[in-house]
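# Descriptive structure summary
The primary structure of each chain is shown beneath.
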Number of protein chains: 2
Amino acid sequence: MKKKSSSANATFNNLPLEKREAIIRETVREFAASGYQKASLNIIVKNLGIAKGSLYQYFRNKEALFCFVFEEFTHLVKQTVKDGIGQERSADFFDRVKQVMLAAITFVDRYPDYFQIYLKVLFEHDVPRREELLARVRLFSREYFGPLCEEAREKGVIRRDIPVATLIFLLDAFLDRFLQGYVQPYLDGGLGMAKMSRKKLTAKIDEMIKVLRDGFVKERDKGSKGQRGKG
Amino acid sequence: MKKKSSSANATFNNLPLEKREAIIRETVREFAASGYQKASLNIIVKNLGIAKGSLYQYFRNKEALFCFVFEEFTHLVKQTVKDGIGQERSADFFDRVKQVMLAAITFVDRYPDYFQIYLKVLFEHDVPRREELLARVRLFSREYFGPLCEEAREKGVIRRDIPVATLIFLLDAFLDRFLQGYVQPYLDGGLGMAKMSRKKLTAKIDEMIKVLRDGFVKERDKGSKGQRGKG
DNA sequence: CGTGTATATGACCACCTGGTCACACTATGA
DNA sequence: TCATAGTGTGACCAGGTGGTCATATACACG
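Residues numbered from 1 in each chain as written. Chains lettered and ligands numbered in written order. Predicted model: local features only at pLDDT ≥ 70, side-chain atom pairs only at ≥ 80, totals over all residues. Heavy atoms only, no water.

What follows deals with the overall build of chain A. In terms of regular secondary structure, chain A is built from eleven helices and zero strands. Counting from the amino terminus, chain A carries its helices and strands in the arrangement α-α-α-α-α-α-α-α-α-α-α. Over its C-alpha atoms, taken along the principal directions, chain A stretches across nearly 70 × 40 × 30 Å. Considering only residue pairs separated by 6 or more positions, chain A has 63% of its internal contacts joining residues 24 or more positions apart. Positive and negative side-chain charges in chain A, numbering 42 and 30 respectively, have mean positions lying 1 Å apart. (Helix = DSSP H or I, 4+ residues; strand = E, 2+ residues; numbered from the N terminus. Contact = heavy atoms within 4.5 Å. Lys, Arg positive; Asp, Glu negative; His and termini not counted. Charge placed at Lys NZ, Arg CZ, Asp CG, Glu CD.)

Shown next as structure tokens:
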């Protein structure tokens, strides 16, 4: 179980923790700032104050370095979602959607650079092993929303006349755009989410989930839990 | 009125139409493939079979070349949306949302490379004049959905208990993700939109708008305004 | 023809990239 | 003390970048 990562050389794992963390931090910063192709190993080593040759003794090449931080990213994502959800398992479908949203916000708050890397990879075509890496994340989407929707559908909590895949797509679009807007002001539609407090953010999420639940048309606002009577 | 563009030098505008189009086409292709920073002028001139010096007589520098194609992009967007909507002005709110969606699909079908450039700019930070360019587009979002929502809200067609900005955000998230999924298979949530026919795509849009209108909960297909899809 | 002007050209520049490698350093163990 | 092994180093490489400029060419007008 000592095999922490196949991307890093043994030399790297033998490094003192402090140095290892510094290298990871700087590497993540550079990839987040510039994406894969434009990220400069020269800048990384300069900022770290180490020789380029050293970096190449820790990692085979640029690709291995990148894969390493991406692996870190996937670990952190899964950890954060698990932590944010596992503690209390609400039964209500929309509450659970909300929990995922909040966990996601927590993640981008805590690890903004990692999230930037993910966004960059999404729209940078010539990243090595891109498909494999993205498939490994498929951020929150199918693994979580899939079972959630199917269960709710079977229980009759959500409508049955729309394919589950379509519902997942909408939830995913909603979540992803919410995160993107949170990080990139251009995408928040003027909501100013970037500067919101956690409390305001939670209120916004509630507001939006309300619309998702009842639609653009319905005006009445009844209980926030469970489904109200049909009709 | 002859001043077509401030980004291109006079020399470029004097060029024969055919050559001008070839240059634009290849430039758009390269920026779409590689984003701003990684796009190579050397590759552009090689593919065009012209000398690098020539390109620099048409455009001051890389930035001017990029701004030129981005200006083209904004023109084409506005044109396409106008064409797709102006002809028949449906009164129904959701029909008009659908029309925007279809116009957007038409755009990315017709000008996929221009759309790629837009996506790249969205997630590439060090693009010159990025904020200005993105603000100029604010793709479909506020300029169109804003008035639409406000009108519908005043007429009582959509709920009044949610701020318009929030509704716009949801519509925008929906549209943007739909387009991104259409172009990038990773983001379609397994729907396989990339390979859908126009007819199937339209059906999917109907399906999703139905959810937006009535929410995740309602199963019955009634609606407030009556006609649903094809009646 | 000659002359002037607008355009086309590609060698060339400084700078940066990812990657290499011969060498220096350090620490252990005997 | 020597030897071995692990680690650190930075000059160096080939190849790419955006950008320049002296020169060659094409074309107009007299």
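So, on to the interface of chain B and chain A. Contact with chain B, which involves 60 residues of that partner, is made by 61 residues of chain A. When the two sides are added together, the surface that chain B and chain A hide from each other amounts to roughly 5,800 Å², 61% of it contributed by carbon and sulfur. Of all residues in chain B, the largest losses of buried area upon contact with chain A belong to B:F123, B:Y186 and B:F216, amounting jointly to 17% of the total for that side. Between the two partners, chain B and chain A, sit six salt bridges. (Buried area = accessible area lost by both parts, 1.4 Å probe. Salt bridge = Lys/Arg side-chain N within 4 Å of Asp/Glu carboxyl O.)

Attention now moves to empty space enclosed by the protein. For the structure on display, the rule yields nine cavities of 30 Å³ or more. By volume, the largest cavity amounts to about 220 Å³. Around the largest cavity sit 20 residues that line it, and A:S34, A:K120, A:E124, B:S34 and B:E124 are the ones nearest its centre. For the lining of the largest cavity, the per-class residue count stands at four nonpolar, eight polar and eight charged. (1 Å grid on protein atoms, 1.4 Å probe; cavity = no way out; pocket = protein on both sides within 12 Å on 5 of 7 lines; lining within 4 Å. Points joined across faces, edges and corners; volume = space filled by probe spheres on them. Nonpolar A, V, L, I, M, F, W, Y, C, P; charged D, E, K, R; others polar.)

Let's shift gears to the confidence of the model for chain A. In the predicted model, chain A carries a mean pLDDT of 88, and 90% of its residues have values of at least 70. A low-confidence stretch, residues 221–231 of chain A (pLDDT under 50), is modelled with 19 contacts involving residues beyond four sequence positions or located in other chains. (pLDDT = per-residue confidence, 0-100.)

Once that is clear, we can look at the protein's contact with DNA strand C. For DNA strand C, the set of nearby residues contains 19 residues, the closest of which are A:A39, A:S40, A:K52, A:Y56 and A:K62. Those atoms of DNA strand C that come within 4 Å of the protein belong to sugar or phosphate at a rate of 56%. With respect to DNA strand C, the side chain of B:K19 contributes an N or O atom lying 3.5 Å from a phosphate oxygen. In this structure, a phosphate oxygen belonging to DNA strand C sits 3.4 Å away from a main-chain N or O atom of B:A51. Every element with two or more residues in the surface near DNA strand C is listed here: α3 (41–48) and α4 (52–58) of chain A together with α1 (10–14) and α4 (52–58) of chain B. Considering each element in turn, the surface near DNA strand C owes the most residues, five residues, to α4(B). Counted by class, the surface near DNA strand C contains six nonpolar, nine polar and four charged residues. (Near = heavy atom within 4 Å. Polar contact = N/O pair within 3.5 Å; in protein donor to acceptor, adjacent residues only side chain to side chain.)

Contact geometry of helix α7 (residues 112–123) of chain A with helix α7 (residues 112–123) of chain B gives a least axis separation of 9 Å together with a crossing angle of 165 degrees. Classed by the angle they form, the pair α7(A) and α7(B) counts as roughly antiparallel. Crossing of α7(A) over α7(B) shows left-handed handedness. Residue-level inspection shows A:L119, A:K120 and A:F123 of α7(A) in contact with α7(B), the latter providing B:L119, B:K120 and B:F123. Taken together, the residues that form the contact of α7(A) with α7(B) break down as four nonpolar, no polar and two charged. (Axes fitted to C-alpha atoms, helices over the stretch in contact; angles between N-to-C directions. Parallel < 35°, antiparallel > 145°, perpendicular 65-115°, else oblique. Left-handed = near helix turned anticlockwise from the far one by under 90°.)

Take the packing of aromatic side chains next. This model, assessed by the stated rule, comprises 41 aromatic pairs over all chains. Considering the side-chain rings of A:F216 and B:F94, the 6.4 Å spacing of their centres and the 75 degrees angle between planes classify their relative orientation as edge-to-face. Taken as a pair, A:F216 in the segment after α11 (198–214) and B:F94 in helix α6 (residues 93–110) lie in two separate chains rather than in one. B:F94 shares its class with A:F216; the two are buried. Members of the aromatic cluster, connected to one another through ring pairs, are A:F31, A:Y36, A:F66, A:F70, A:F73, A:F107, A:Y111, A:Y114, A:F115 and A:Y118. Residue placement shows A:K62 over the ring face of A:Y36; its charged tip is 5.0 Å from the ring centre. (Phe/Tyr/Trp six-rings, centres within 6.5 Å; stacked < 30°, edge-to-face > 60°. Buried < 20%, exposed > 50% of the residue type's maximum accessible area, 1.4 Å probe, protein only. Lys NZ or Arg CZ within 6 Å of the ring centre and 35° of its normal.)

This next bit is on helix α10 (residues 164–183) of chain B. Because an α-helix packs 3.6 residues into every turn, residues spaced three or four apart end up facing the same way. With 20 residues, α10(B) extends 29 Å from end C-alpha to end C-alpha; this agrees with the ideal 28 Å at 1.5 Å per step. The buried count for α10(B) comes to 18 of 20 residues, which makes it a mostly enclosed element. (Expected span 1.5 Å × (residues − 1).)

Below, the discussion takes up the nonpolar core. Counting 164 residues, the largest nonpolar core has A:F93 and B:F93 as its most contacted members. Setting aside residues up to four positions removed in sequence, B:F93 forms contacts with A:F216, B:L148, B:C149, B:A152, B:V157, B:I158 and B:L171. (Core = buried A, V, L, I, M, F, W, Y, C linked by side-chain atoms within 4.5 Å.)

Next up on the list: the protein's contact with DNA strand D. In the vicinity of DNA strand D, 19 residues are found, and the nearest of them are A:Y58, B:A39, B:S40, B:K52 and B:Y56. If you look at DNA strand D and keep only atoms within 4 Å of the protein, 57% of those are sugar or phosphate atoms. With respect to DNA strand D, the backbone of A:A51 contributes an N or O atom lying 3.5 Å from a phosphate oxygen. Within the contact set of DNA strand D, a base oxygen lies 2.8 Å away from a side-chain nitrogen or oxygen of B:K52. At the level of secondary structure, the elements contributing two or more residues to the surface near DNA strand D comprise α1 (10–14) and α4 of chain A together with α3 (41–48) and α4 of chain B. When residues in the surface near DNA strand D are grouped by element, the largest group, five residues, is from α4(A).

Scanning all chains against the criterion turns up 26 salt bridges over all chains. Residue A:R96 pairs with A:E151 through a salt bridge whose shortest N-O separation is 4.0 Å. Separated by 55 residues along the polypeptide, A:R96 in helix α6 (residues 93–110) and A:E151 in helix α9 (residues 141–154) bring together distant segments of the chain. Residue A:R96 is classed as buried on the basis of its relative accessible area, which comes to 8%. Taking the relative accessible area as the measure of exposure, A:E151 reaches 34% and is therefore partly exposed. A salt bridge links B:R136 to B:E132, with the nearest nitrogen and oxygen atoms 2.8 Å apart.

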